[in-house]
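Take a look at the letters that make up each chain.
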There are 4 protein chains.
Amino acid sequence: MSKLKDVKKVVLAYSGGLDTSIILKWLQTELGAEVVTFTADLGQGDSDLEPARKKAEMMGAKQIYIEDVREEFVRDFVFPMFRANAQYEGLYLLGTSIARPLISKRLVEIARETGADAVAHGATGKGNDQVRFELSAYALNPDIKVIAPWRDWSFKSRTDLLDFAEKHQIPIAKDKRGDAPFSVDANLLHSSSEGKVLEDPWMAPPEFVHQRTISPMDAPDQVTEIEIDFSKGDPIALNGKALSPAAMLAALNDLGCDNGIGRLDLVENRFVGMKSRGVYETPGGTILLAAHRGIESITLDRGAAHLKDELMPRYAELVYNGFWFSPERHMLQAAIDKSQEDVEGTVRLQLYKGNVIVSGRKSSKSLYRNDLVTFEDDRGAYDQKDAEGFIRLNALRLRTLAARNRKS
Amino acid sequence: MSKLKDVKKVVLAYSGGLDTSIILKWLQTELGAEVVTFTADLGQGDSDLEPARKKAEMMGAKQIYIEDVREEFVRDFVFPMFRANAQYEGLYLLGTSIARPLISKRLVEIARETGADAVAHGATGKGNDQVRFELSAYALNPDIKVIAPWRDWSFKSRTDLLDFAEKHQIPIAKDKRGDAPFSVDANLLHSSSEGKVLEDPWMAPPEFVHQRTISPMDAPDQVTEIEIDFSKGDPIALNGKALSPAAMLAALNDLGCDNGIGRLDLVENRFVGMKSRGVYETPGGTILLAAHRGIESITLDRGAAHLKDELMPRYAELVYNGFWFSPERHMLQAAIDKSQEDVEGTVRLQLYKGNVIVSGRKSSKSLYRNDLVTFEDDRGAYDQKDAEGFIRLNALRLRTLAARNRKS
Amino acid sequence: MSKLKDVKKVVLAYSGGLDTSIILKWLQTELGAEVVTFTADLGQGDSDLEPARKKAEMMGAKQIYIEDVREEFVRDFVFPMFRANAQYEGLYLLGTSIARPLISKRLVEIARETGADAVAHGATGKGNDQVRFELSAYALNPDIKVIAPWRDWSFKSRTDLLDFAEKHQIPIAKDKRGDAPFSVDANLLHSSSEGKVLEDPWMAPPEFVHQRTISPMDAPDQVTEIEIDFSKGDPIALNGKALSPAAMLAALNDLGCDNGIGRLDLVENRFVGMKSRGVYETPGGTILLAAHRGIESITLDRGAAHLKDELMPRYAELVYNGFWFSPERHMLQAAIDKSQEDVEGTVRLQLYKGNVIVSGRKSSKSLYRNDLVTFEDDRGAYDQKDAEGFIRLNALRLRTLAARNRKS
Amino acid sequence: MSKLKDVKKVVLAYSGGLDTSIILKWLQTELGAEVVTFTADLGQGDSDLEPARKKAEMMGAKQIYIEDVREEFVRDFVFPMFRANAQYEGLYLLGTSIARPLISKRLVEIARETGADAVAHGATGKGNDQVRFELSAYALNPDIKVIAPWRDWSFKSRTDLLDFAEKHQIPIAKDKRGDAPFSVDANLLHSSSEGKVLEDPWMAPPEFVHQRTISPMDAPDQVTEIEIDFSKGDPIALNGKALSPAAMLAALNDLGCDNGIGRLDLVENRFVGMKSRGVYETPGGTILLAAHRGIESITLDRGAAHLKDELMPRYAELVYNGFWFSPERHMLQAAIDKSQEDVEGTVRLQLYKGNVIVSGRKSSKSLYRNDLVTFEDDRGAYDQKDAEGFIRLNALRLRTLAARNRKS
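Residues numbered from 1 in each chain as written. Chains lettered and ligands numbered in written order. Predicted model: local features only at pLDDT ≥ 70, side-chain atom pairs only at ≥ 80, totals over all residues. Heavy atoms only, no water.

Participant: Lay out the UniProt feature "binding site: L-aspartate" (unreviewed entry) in chain A in plain terms, naming residues and giving numbers.
Facilitator: The feature "binding site: L-aspartate" (unreviewed entry), as given by UniProt, occupies T124, N128 and D129 of chain A in the numbering adopted here. Note that T124 of chain A resides in the loop between β4 (118-120) and α5 (129-140). Using a relative accessible area of 26% as the deciding quantity, one classes T124 of chain A as partly exposed. What T124 of chain A contacts, discounting residues up to four positions off in sequence, is Q130 and W150 of chain A together with Q384 of chain B. (UniProt positions renumbered as here; feature names shortened; annotations may be inferred. Helix = DSSP H or I, 4+ residues; strand = E, 2+ residues; numbered from the N terminus. Buried < 20%, exposed > 50% of the residue type's maximum accessible area, 1.4 Å probe, protein only. Contact = heavy atoms within 4.5 Å.)

Structural data, given as structure tokens:
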């Protein structure tokens, strides 16, 4: 705590909810610091951020920043990540991870604008988000102080927190008095749920945990067919209609939600060293990943595609662990973006009760050549005799090895 | 062809169908070679192999080998591959690729037993299978001759082939007279379809292409819940009942088929250099992959899991390209098998209209520790203060970099 | 050969030596093709290329291109490769490999300018160079025909070749009549020797094999100290004097040669499947690699450095195998170049009898911070207490694993 | 510190020197703990460990373990690492890193034997060694307490330490009164020097820093030629004489030392986040690496060799960072060891003034085939015509790409 005693002004990532309101007050009372709040619309669902403004005002925030960053979020964070087909541990689409660097970036920028010497966030000391917030902040301003009240304050229990809230006239919504049955994070890319009712990985998640998708079982009995156009690896139009990045993701979310798409129940490995279980809902992202793989399948050369596949786990790990603003992520992004220059064309998908089925892809940049692959007469496009030499030279080292091994 | 003129005895991978019957006769008549046939039950569906025997006898095969290799196939090829979570180009479960090495292994062994100096297969000069057959054969016997009649003979068209068949009294099933609308491969792991009606990747596959699964739309409206037990990374029991490897895969296939699971429509990159489009059906394998990832999620350490994820694309590429019997595949397998020693326990899955949903996993070897991750009082299992040092040292290089960059 | 019968005009990579002169004549007489010659000064040593021009004229070349491409070679091929610290199989600096793509690029460009439909090279059918020439040519012009006379002609022996030469009045230098005791390739980056007297890998290379360096034993007894300045990962000045890329490499070659630096006796794995033994001399390149690693050591962040190290073997393999003009090499180059933006500063080296010793490095972009690392009072730059949390969270998964394993 | 207050018995890694003697006393006086000392002969040079025993007795150590672990060190740690050709950041042979896991292993074992609840080491809070000690300890006993006095005590300066030593009658060697001009670590594999006079990476290391090698300039003017025999990747005989692992490394050290071999002046990236500069001397290891690469060059298949090269940086990073006892290091070791089964034969080396020159390699398991590679008549071992098909199919995707790109 002593390191915090000189803090004069803090920019707080402020949701308007109970926990960050307690933090706001705690920063003022315990640290004696002025607080600037930053509330972002990342597409988490409550697009009306006025209540957050009012609450921040009421609690004496020195300055209040409220911003709609959805377009920046999707354009500069979500889409670059999807160019990599990033899935952490083979499955997770990194919905929470990818939002943190943007928030930190704005916190640090606002700190510069307002002359604040510290930033603060509401993530606990057990999770990955503290790491993501803080690595991003330090990478953007090496001298910034980062305050993580959940690690620093002396509250021992929820009761302590509520007592502090009451003492400082922080309004407590009725349903917040008891413990929430699980913890939630949300943005335009996904919703996540974890903790409490989800803590036993043998128990199936209760249906009420899901925030953003209907169950496949409740989805329509008909297929919904859509087409997505891509340019340079990013989706640019849905069913022929051009959409901005955020509008595209929102539209895909609606389609995914309606068709029960994008649920994931996962036990994952946190950067801080333990396993945790989460339920993720990424309706639009799940569609986008399938579509992107689909358009890549005809426009990306094998060498590029396989290199991407080999680099992907590393890329996903970097994003998960909070190293978005690291030189190695920038290097990988440069490689990936290089590969996407001709990833353009159209993918047709069928959405049906949890299934995302790629049923067609076409592109003026297609590398698929029917004249090569056809079972019919290929008019000399491919000489089958070439295969013999190809195989014999690929086999040469194996034959040499077999002869050696037979000798011994 | 001159290289073939001295061939005296050939072991032919013989299905009993029209094409390999023509090859059998061609080897006899054009090369003047004795032919030994090898027909394997890999679970391709026609478990009655007696017709193949009769046909081979009728056509004058010198010796006839007919074998049920399903247990070996699943135990020594399919399961080791699934330990790696292998998916080629992110999606394909390698059903065709994994069967070829086993066939070549038996061809080479039979050649040794029968004193044959060559083996022959019925794969064309455009595909991957020729490579897989031949690399495997050469890796197991560096002096074996490999005959690929599709590359060597002078037939120019299907008509030529049929003329040859008629001339040599090879029976031609009525439905074989015209061209098949697509080409098929099948074994206990999967069925694949490609060519003809599938050649335009923008056209959705017609429903009749599918061999092995019903459509998700035709699947039951109820969830089927199953439990799979694992030991050392392999499935050993289904719903509490111990099953042999082949019986396990067959049972999973039935479950997958009934629930519309395991279809994949893919444009992939062949080793011989062109893109091709295939429709794959891997009902049991799709369930097995999800289940295996599920049991790994609680029993595999993060370091092992991430290393596996990074090695996987390479492993899958090796299998796809036909390098099963290569030192590098053996090296990767050693690493992977090392990781699977404690991958045991039970996974619960929900099968529903194309969806495979992991809904629970438990293990006496679980590394999931609720005392660490809980939002509740963890009684000191985890000290949140540790996170600060963890983050600060992870950030140190990024801060150094930021300070350097600010200077300049 | 039939594929060659329609060739009308060929651009030949022409050295002026006996072998490519025979090829020139063979292309004219056997193929009835017009021949355009391309002779490049890549720094191979005979900077006077007029004899090659005269000989080509005399032999009836239709057009003659003679070019000094040394600057392009070093700037666009050698330096980008050294940014990657590329060493094939841990040791080889790829001196031959890196020159082939440039030659092919010019061949293809000249073919376009002169309306030629084919290019030809003098590499044999056993080596890597044929692959490098041809992959590069095909990657730059998919329709170009590539003629490799060594694979195509019917000469069976050196005598046949010499008979053909005599028959067509091709001058034969006296020392070319007998077999050379080994085969040589050279350019500004290196000289290589292979074959004949080098074929037994147990026999040490005779001293006379070396073309370009004196023996460490013959080098001066004094240290030569030099300083190299870098910018964006490339060397730009030697001992304070700015030098063009080719002049820089030439100067480093002189320094290396004089100090017995850069010899390598290696058994390597060729792309075409066999092992071969080569003696390489890369005097300037050996100095450059050490210097580049030196400047990177203080200017490159750990994350970038380690990613580069992991990507390097793949990059080197691509260059060695001839995939310079492939999407995956371009992707890797994009990642590598991204990392080099701040690789600038000065390295001091000691050259002494085969040794290249980095003895100092400094940079205005240095990331080395003595305030962090010092054993003295660091005035709070680093809090040793942070290490405990860092270690404890890194250990957490290992402790969890140990506890699990102890149980069982 | 509160976490330490219950410690009853500590096993201390004890060198007998001043610093660990102060730690011994501090553990007794400040923590009130019984201390068990463990002093290992790792080949650091002072093979007489009796003074350490006497000193420990005098200072009241409860139990004293003194052990010669040189054979175990080389056999189970150094040699397995050299099978991987491990070099951290391309250059460093990991001499310090590889000793720490063994010391921790014995500390934890002795703790078990003596009923101690903690182990302690003398590494500071800025370096990598603390991480290596502690990760190893935790991986072997998840409940062990680890004490790192340098991070925990309240001494602020060297004067404080000396005052404490005097107060407790700890003998202080005269030359320890002043600050050492640099800090040293040594074992049978290497000596390292860092700090103080080495802190400026632009200043060349003074000659007196070197502990273990003479300068190349002082080495003999004649070549020393040696032969090393390998079996399963490990050296087993020198000049025909079988040697135990430790005897082998000692003999190579003598040879390296005498010929000025194995010096390295490096700026490296520590795991804890800063760059540091070290001078390393690894005379025997430098010879061993060259020899091992030499024997691998003729006995290892290309696929295995290249996979090893790609895995090496990761392996080296794991060793450097202290993850010797991690699942991922075990996985990589399994892969590496798999590759070494036939790495046997003899390598001849020339040692000369800092140079290690491989001048010959032979093996009954050699994969080098002169019949394939020869420029002479190969009697059909290799068909040059195969190369055409090999190249054409490798080029196919590049040609497809070029045709696509030309269109657009």
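What follows continues from the structure just given.
Participant: Break down the UniProt feature "binding site: L-citrulline" (unreviewed entry) in chain A for me, with residues and values.
Facilitator: Residue and element names in this part refer to chain A. The sites that carry the UniProt feature "binding site: L-citrulline" (unreviewed entry) are, in the present numbering, Y92, S97, N128, R132, S183, S192, E268 and Y280. Mapping S97 onto the fold places it in the loop between α3 (70-83) and α4 (100-114). With near-sequence residues (within four places) excluded, S97 lies in contact with Y92, R132, V319 and Y320. Judged by relative accessible area, which is 5%, Y280 ranks as buried. Once residues within four sequence positions are removed from consideration, Y280 is found in contact with Y92, H190, S191, S192, G262, R263, L264, L266 and E268.

Participant: Break down the sheet that holds strand β5 (residues 145-147) of chain A for me, with residues and values.
Facilitator: All names here are of chain A. Spatially, five strands are ordered β3-β2-β1-β4-β5 in an open sheet, and the strand pairing comes out parallel. Of all the strands in the sheet, just β3 (63-68) and β5 have a single pairing partner and so form its edges. Neighbouring strand axes in the sheet, compared pairwise and without regard to direction, differ in orientation by 20° on average. Where β4 lies against β5, three bridges are found, and the strand directions are parallel. Looking across to β5, one finds that A120 is bridged to I147. Relative to β3, helix α2 (residues 50-58) is tilted by about 170°, and along the sheet it contacts β2 (34-41) and β3. (Pairing = 2+ DSSP bridges. Axes fitted to C-alpha atoms, helices over the stretch in contact; angles between N-to-C directions.)

Participant: Could you give an account of the pattern of salt bridges, with specific residues and numbers?
Facilitator: One pass over the full model with this rule turns up 132 salt bridges over all chains. For E109 of chain B, the salt bridge goes to K105 of chain B, with nearest N and O atoms at 3.5 Å. You can see E109 of chain B and its partner K105 of chain B sitting in helix α4 (residues 100-114), four residues apart, about one turn around the helix. Overall, the relative accessible area of 23% leaves E109 of chain B in the partly exposed class. With relative accessibility at 21%, the residue K105 of chain B sits in the partly exposed group. Beyond isolated ion pairs, a larger network of salt bridges with shared partners links E67, E72, K105, R106 and E109 of chain A. (Salt bridge = Lys/Arg side-chain N within 4 Å of Asp/Glu carboxyl O.)

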